Amino acid sequence: MHKFTLSAISIFSCCVLYGVSANAQQTDAISAARKDSLALYKADSTRRAQGSKFTGFLRDAATGKPVSGMNISVEAYSAALSDDKGRFTISVPNYDAVLVVKGQGYQLKEIPLKGRKKLPDVLLFEESFNSVYDEANLVTRPMAMNRTSNAVNIVNTQGSWENTSAEMPDTYLQGKVAGLSVVRRSGSPNAGANLFLRGFSSLFGTNAPLVIVDGMIYDTNQYGSSLMSGHTRNPFGNLDLRDIQSFTVLKDASASVYGTKGANGVILITTNSHPELATRIDLGIYGEYNYMGNNRMLPLMKAGDYRLYLADVLKSSGMTPEQVAAQPYFNDNPSSPTYAMYHNDRNWQKQAFKNGFNQNYNLRVSGGDNVARYVLSLGYANNKGITQNTGVTKFNTRFNADLNISRHLTVNANLSFNYAQQNLFDQTASETSPLYLSMIKSPLVGVNDVNAQGVPSPNLADVDAFGIGNPQAVFNKAKENDQNYRFLGGLNFKYDFNKSWAVQTLIGLTADKVRENYFVPRAGVANDTTANGVVDSRLGSQVQRLFNIYSDTRVTFNHTYNRIHYIGLNLGVRFSSFNTETNYNQSYNSAIDQLITVGNGDPLLNRTGGELGKYRWLNNYFTGDYRLYNKYIFNVTVAADASSRFGDRADGMDIGGKKMALLPAVSAAWIVSSEKFLADVNMLEMLKLRASYGLTGNDDIGNYASKQYYISQNWLGMQGLIRGNVGNPYLQWEVNKKLDLGLDASFFQERIGLTFDYFRNTTSHMITRSTAPTVSGLEYVVSNGGGMKTDGYELAINGRIINNSKFKWDLGFNIYTYRNRITALPSTYLSSYYGATILTQVGAPAGLFYGYRTDGIYRSNAEAAAAGISVRNSQGIPVAQQGGDVKFVDVNGDHIIDDADRQAIGNPNPDFSGAITTGFTYGRVSLNALITFSKGNKVYNETRRLLESESGPQNQLTSVNNRWRVDGQQTNMPRAAYGDPTMNNSFSDRWIEDGSYLRLRTLSVTYDVPLRYKGFKYLKVYATGNNLLTFTKYLGYDPEFAPTGNLLTNGIDNLLDPQFKTIMLGVRIGI
Amino acid sequence: MRNKIFKIGGRVLLISCLLLSFSCKKLLDVSPEDAVEAKNNYRNINDANAAVIGIYGQLQTIADRYIILNELRGDLVSPTTNADRYLREISEHNVSADNPWADPKPFYKIIMNCNDALANFKIMLSNARMRQEEYNQRYADIIAVRAWLYLQVGIHWGNVPYVTDPLASIDDLKDSSKFPKLAFNDLLDKLIASMQGIYLDGYTSTTATGSNSNSLLTTVDGYSTGLMFINKRCLLGDLNLWRGNYSDASTQYRYVTEQGYRNDQGAGNISFWQYKATYSNFNIVYNIAGDEQSLKDDNTDVAGWRAIFGSSAQGTDISAEWIWTMPFDKNFAPTNPFIDLFSIQGGRYLLTASQFAMDKWNSETQQNGFPYDARSILSVRTINGKRVVMKPLYLYLNGPNFTALNPLQKQGRWLLYRTATLNLHFAEAACRDNYLDVAYALTNAGVVQVFSGIFPTRAVTSTGRNVATDATNIMITHRPAPYDLDGRIGDVPYFRAPWNRQIGTRSRANLNWLPTSLINNAPNAGGDQIGLENAIIQEDAEELAFEGQRWGDLLRVSLHRNDMSFIAEAVYQKLLRDGNPNASTAKAKLLSKDGVYLPFKM
């Protein structure tokens, strides 16, 4: 608290100093400006009187009708209105001026005269049209897209009312921005997506873009892992998509303004801003239906096939046929007491999935007067998951207000509070994961206990004869939930000294808490053994907290000199203090399954733990924009960052004993189309060439890795201290150099727009773990020893194919491709995740799968004997292969298949990915569709590896029916072998599949109901289908998944809840 | 225009300065809260104690490595069919580059913590954060731990880097000139030198108790810490023994052996028992003479030999045998690694006794004529048809028929040094120093017997005395220090010298005497030095098997004899008798002097 007070005081005193110094300069600035404007005014009056005039016509692009009442202006010179014939006449200082057209219901448009004295009719599109003149809410101010020299994308949500309530800000961006990969994690509600902007930049640091909401950092990092296997808490779940007005994505070096947090690009989010004065109420009510298509179910064996398989696999364990036949489940005498117990044909998989209904309510009230305007929004959503008893309930509120305290002083307040409670179960292949249990559970057994006559009891069956738990017991009795909230509040004070000078300061805080409770019953779940106990029921609780304080203060200057030179300057400082805390408590074996809280566990088996994290970040930034004749655009950005994470001897600028990261960036653009030599090419609306280059940084290097510290080490019950690391005072931010060459073009009065970019991001000083010398006793040293390079292209094309008053058809297409290579690494590095081995090596892309290549199977014992190949088993001892074993490729020719025979077997990075968007409007009906695709990414199907393992009594896929059974059999499915003695299930290309897909992500129809009643502004009806159609060759549930945000786990399908389909019907009423 | 730009520039600069001065160092200095930053450590005596505790806590995590390297490489332990490739490689002396057991890093990890603690102790002393006597005890303890670790590293890797710098910064790691390699003998010289002049006794207790006590001598979780710290004199003796300074080694061994007498001057039994193999305790005894089944086979009865390994509590008697031992407790990490290595229940049963080890025991004859060494029965048992090494498992397989009562409570003990180790090392030093009679007495028959004046006739010292009643000049070695051992016993006047109950480990194990011809049938008559040394090493095997001494014993003797065939033959016999086809390859490798060392990966 003391430190907080201290920092608050320092922030405050800084502001005061600003005020004083800025005030001192104020007189100067005003007098200078006055002198300047007086002279200019005199000159302008003379010029206006002499009368260079310009006349043009405005027409509606769809109907061709004249547009009246539009405001046409030349900045700081003259203005005019269009008349009812769409005609306007305006004084112009010269024929190089730029006319700006603005007005209700239409897009904003700029018309550079380029020396022309006469123009073809100007066509205006509707307000929601994606135009090159759209305003981007850039870091320091809004700016029209055509005036930026950087690679920037904007996504206007238009309220995004047609989306289902399961859509969140992160998943919503899928397919919307070329260069932004959005990979949904799973079908679990609130699971969200991994975002990667233009590939990757870091191996151990974050690869997620920085998210800024209304000027404040929105922390999207994970702090600690969940108690629930496969679950990731998604901070985007605490941000309601319907509150978001626009996303602005900074893809290139312009992210440098966020210094050492900008390496992965920046997503700027603006929520409900600039409300109108009139009071408006919007109410949305939605109902949704979730379902899982039968065709997406995995083809698991039924009882008949399973019995044959079971007999086979038991025989391979060394049991004689007599012993196998003596097993109770093979006793086919109906009078046997266990006959009813083992003669079922249950479809466990189907039972696990449950279709569900979602509800969602949204209310938004906005209004105000000249002094205060506000938007208040409230929302409630109850979204079900696709497996039984899972789902999330969310409440959200947001209050945004704009206050005009005086002519000079304005205050913006943005406050939001979100609460969510999610019920879920363990995912991934664990004995407490009901979905996994449902897949491997023998179809022979039933859900409930039965007596000899086959009459079921109400009691759920316990663990079966195969040692596999009852998934229904988990679904019914386990209690696993995640309750979380986030408060995000910011106040932004802005003081305008005059037209040119202003100072503003933003102060905000984030308070976030996650509480998890975990209980898995003993009945119906297989026991587990820990180091010091056999555990039956499992209990746990966890709290994760995040408390961040943030401030951003800056001085801005904007001025245009002689209508030729525009100068915009910003100088500011951001400060943030991040505090995280996690505490968990796990226990086991409560007395009975009714005692579900962690305190009831056996105290001897208790495990507790936690972590505290703290760091501070200071970012000084300067941005300078210079525009010459509105044709030549230059931008300079410099950030100087300091952080408690950086080492004292980092390679940076030394200021007061602290090392600072100095990160400059420059960009330039040339609007070629504004040149006179292109004045007569009327098909060309705009052509802009852009280039940018600059440095950004990544500060995700560990809070304390640069310091030497001691950690505790017990000796029996005594606690001692040992060295935790070797301090690396040279530890510094990763540097990411971003180069971008781009082209923005627009043709036929904006009917067709095109953006093309080449990018190259080069990471140096990448955090790596280098092998430490033996004498140090350390496994590795964290240092800045790596490098990575990602380059690629992106292309986005938008066009209005049909444009008339009744029928409009928009078609958009974006595609992007990247190539990632590791350029420097202290040594090749292998990691593993869910049975996969991942290779990290110089010259290779990150995340490469590394395993054996296979070439079918040995069709006969003779063939295997002739090959003479052995496989090293888990003890490292070579075991000779036999007929029905997998033919692994023996790379080094030593006739032993072991680690030395592994090779790269698949790259999880796609060749290209992208989306197709299309929208039709016919009268009051509009239809929008989004199709996403990914091509050439390889996927490791761990689920199939488990279900084709043929090594135990677990149920298998029907493909196993085709297994090798007799000498000479022609098949590619290996033999059933209990315990897999010959390692047929090793990580190999058998489990690598093509993850390409093409998916109809959303299809929505909106009908704007004609209303005659007064008081109602509108009534709209929506019908939306989510995830309706997928074309893929992938054999798992769904080709899109992401177990973690770490790029080394990309493309690993570790059996999370699959994505499902949702149909939504909704109405929205405006009052 | 120019003016204006200058003005604007000036303002911008002014504001920048204001902003940058805001980035004060203090604001950005954040210390971790779940770790101790270096600058906040070593402030007072409690921090110094924490360093010692941390080092010993880490030491306990390498128990498995210590046993695997010292036993599996030797001739008494073999991998079972459950063992993986890496363990087999260790046994067959054919390690691959990625073999985790061949990595010296875990030793160096603790060495670096020792270096760090030593460097900081010095700073603490000079800054008066620790008193001189507190410093002396802690500094000496950590010096000894480090020397012990380096000895282990030297034994297994040969030429090794000797680093005494804490390598605290990343620059130190890049500077490979900081860690030059030393030959083994040079390393030993350095280690012996490092222990010169240090405080060689154990920690002393202070008068303050409870939270005021800064003493490391305490009781924690039911275990007295007294025996958990390294015995510096035993270590110094071992270092000198390895180096060939036999007299210096014997001086230290002798000092420790007479510790009990020095403490209470014959007032209690402990004077005569402590750190000597005596006839009173831990013997191979049969409750009914001549009845094989009546062997004392009991965890708690200290009369029997098994109690050395099975005793769960630390009492007076067991403290006379144990010298350095650390308990593994069910409630604390690390989990007892021996269960996993050796036990068929609760563990993976990766290692077992070699056939060669069994053959060694079976080549002996007991005094009652039984044609085997009964220590084999107590060291190795057949459970469910499997040969199980029992020494480390007695506290765990404590149920009927050697099952675990609580399979998940992995109680146990790491016994690093005990009286038999001390006596046999003393014997080896004496033998090398050409005091063969003393060596013979220590290993085999006892001072009283060998120097009774009627040797090789067995002396009777109680009723029916067959030695001179005037015991002034018998039962005493009459050799120069440190070999002047006094075992005199007389009743009129009543007199008991420190060595009067000492009988040698072989006699304690109820074995027949070694051939008296080894010392030419009389004390001070010369004898067969090599033959006696072979007998001592054989006794080492039978008494100390599976306790982590074996490889060192074999290697030390080979080095002293400058003949690698001694160690090569032992390993060859193990592999051969286990039916391992790689026996000859291993032998060929061990015959070269470099072949006995593991590859040291820098």
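First things first, this report covers the structure right here in the doc.

1. Regarding the interface of chain A and chain B
No. 1: Residue-level contacts link 83 residues of chain A with 79 residues of chain B.
No. 2: Taking both partners together, chain A and chain B bury about 7,000 Å²; carbon and sulfur atoms supply 67% of that area.
No. 3: When the shortest N-O distance is used, the salt bridge between D171(B) and R649(A) registers 3.3 Å.
No. 4: Taken together, chain A and chain B are joined by 20 residue pairs in polar contact (both at pLDDT 80 or more).
No. 5: Considering every element that reaches the side of chain A that touches chain B, the biggest residue donor is helix α1 (residues 2–50) of chain A, with 12 residues.
No. 6: Broken down by class, the residue content of the side of chain A that touches chain B amounts to 42 nonpolar, 29 polar and 12 charged.

2. Brief notes about the nonpolar core
No. 1: In this structure, F121(B) and W148(B) are the most contacted members of the largest nonpolar core, which totals 197 residues.
No. 2: With 15 residues, helix α6 (residues 132–157) of chain B is the largest single contributor of residues to this core.
No. 3: If you look at the next biggest cluster of nonpolar residues, it comprises 49 residues, including A303(A), L424(A), L435(A) and Y1037(A).

3. With respect to the packing of helix α18 (residues 419–432) of chain B against helix α23 (residues 550–561) of chain B
Packed helices, taken two at a time, are described by the angle their axes make and the gap between the axes.
All names here are of chain B.
No. 1: Contact geometry of α18 with α23 gives a least axis separation of 13 Å together with a crossing angle of 5 degrees. Judged by the inter-axis angle, α18 sits roughly parallel to α23. Of α23, the residues touching α18 (which contributes H425, E428 and R432) are D553, R556, V557, H560 and R561.
No. 2: Tallied by class, residues from the contact of α18 with α23 come to 1 nonpolar, 2 polar and 5 charged.

4. What about a nonpolar patch on the surface?
No. 1: On the surface, L376(A), L378(A), F399(A) and L415(A) cluster together to form a nonpolar patch covering roughly 280 Å² of accessible area.
No. 2: Taking the relative accessible area as the measure of exposure, L376(A) reaches 33% and is therefore partly exposed.

5. A word on the sheet that holds strand β42 (residues 836–840) of chain A
All names here are of chain A.
No. 1: Taken in spatial order, the 4 strands line up as β41-β42-β43-β49 in an open sheet, and their pairing is antiparallel. Taken across any chain shown, the strands that pair with only one partner, and hence form the sheet edges, are β41 (829–833) and β49 (903–906). Direction aside, the axes of adjacent strands within the sheet are offset by 50 degrees on average.
No. 2: Pairing of β42 with strand β43 (residues 848–851) involves 2 bridges; the strand directions are antiparallel. When the bridges of β43 are listed, L839 appears paired with L848.

6. With respect to the side chain of S500(A)
No. 1: Tracing the chain through its elements places S500(A) in the loop between β24 (479–496) and β25 (501–520).
No. 2: Assessed through its relative accessible area of 9%, S500(A) is described here as buried.

7. Quick notes on the pattern of salt bridges
No. 1: Summed over the entire model, instances satisfying the criterion amount to 83 salt bridges over all chains.
No. 2: Linking R280(A) and D282(A) is a salt bridge whose minimum nitrogen-to-oxygen distance equals 3.6 Å.
No. 3: Assessed through its relative accessible area of 23%, R280(A) is described here as partly exposed.
No. 4: Where R375(B) meets D373(B), a salt bridge forms, and the shortest distance between an N and an O atom there is 2.8 Å. Of the two residues, R375(B) and D373(B), both sit in the buried class.
No. 5: Beyond isolated ion pairs, a larger network of salt bridges with shared partners links E321(B), D373(B), R375(B), K391(B), R418(B), R508(B), E539(B), E542(B), E543(B) and E547(B).

8. Section: α6(B)
Residues and elements named next belong to chain B.
No. 1: Taking 1.5 Å as the rise per residue, α6 with 26 residues should run 38 Å; its terminal C-alpha atoms sit 36 Å apart, in good agreement.
No. 2: Burial within α6 is extensive, with 23 of its 26 residues counted as buried.
No. 3: Remark: G158 follows α6 within two positions and exhibits a positive phi of approximately 75 degrees.

9. Considering the sheet that holds strand β10 (residues 152–156) of chain A
Residues and elements named next belong to chain A.
No. 1: With respect to topology, 5 strands assemble into an open sheet ordered β10-β15-β16-β13-β14, the strand pairing being mixed. Strand pairing shows two members of the sheet lacking a second neighbour, β10 and β14 (216–217), which therefore form its edges.
No. 2: Bridge analysis of β10 against strand β15 (residues 244–250) gives 5 bridges, and the strand direction is antiparallel. Each bridged residue has a counterpart across the sheet, and for N153 the counterpart in β15 is V249.

10. What to know about the packing of aromatic side chains
Ring pairs (aromatic) are described by centroid distance and by the angle formed between their planes.
Residue and element names in this part refer to chain A.
No. 1: Within the structure shown, the criterion is met by 68 aromatic pairs over all chains.
No. 2: With a centroid separation of 5.1 Å and 45 degrees between ring planes, the pair formed by Y289 and F357 is classed as tilted. Of the two residues, Y289 sits in strand β17 (residues 280–291) while F357 sits in strand β18 (residues 356–368), which places them 68 residues apart along the sequence.
No. 3: You can call Y289 partly exposed: its relative accessible area is 31%.
No. 4: Ring centres 6.2 Å apart and planes at 20 degrees place the aromatic pair Y361 and Y380 in the stacked group.

Conventions adopted
Residues numbered from 1 in each chain as written. Chains lettered and ligands numbered in written order. Predicted model: local features only at pLDDT ≥ 70, side-chain atom pairs only at ≥ 80, totals over all residues. Heavy atoms only, no water. Contact = heavy atoms within 4.5 Å. Buried area = accessible area lost by both parts, 1.4 Å probe. Salt bridge = Lys/Arg side-chain N within 4 Å of Asp/Glu carboxyl O. Polar contact = N/O pair within 3.5 Å; in protein donor to acceptor, adjacent residues only side chain to side chain. Helix = DSSP H or I, 4+ residues; strand = E, 2+ residues; numbered from the N terminus. Nonpolar A, V, L, I, M, F, W, Y, C, P; charged D, E, K, R; others polar. Core = buried A, V, L, I, M, F, W, Y, C linked by side-chain atoms within 4.5 Å. Buried < 20%, exposed > 50% of the residue type's maximum accessible area, 1.4 Å probe, protein only. Axes fitted to C-alpha atoms, helices over the stretch in contact; angles between N-to-C directions. Parallel < 35°, antiparallel > 145°, perpendicular 65-115°, else oblique. Patch = residues over 30% accessible without salt bridge, like charges linked within 9 Å, V, L, I, M, F, W, Y side chains within 5 Å. Areas by Shrake-Rupley, 256 points an atom, 1.4 Å probe, with all protein chains shown as cover. Pairing = 2+ DSSP bridges. Expected span 1.5 Å × (residues − 1). Phe/Tyr/Trp six-rings, centres within 6.5 Å; stacked < 30°, edge-to-face > 60°.

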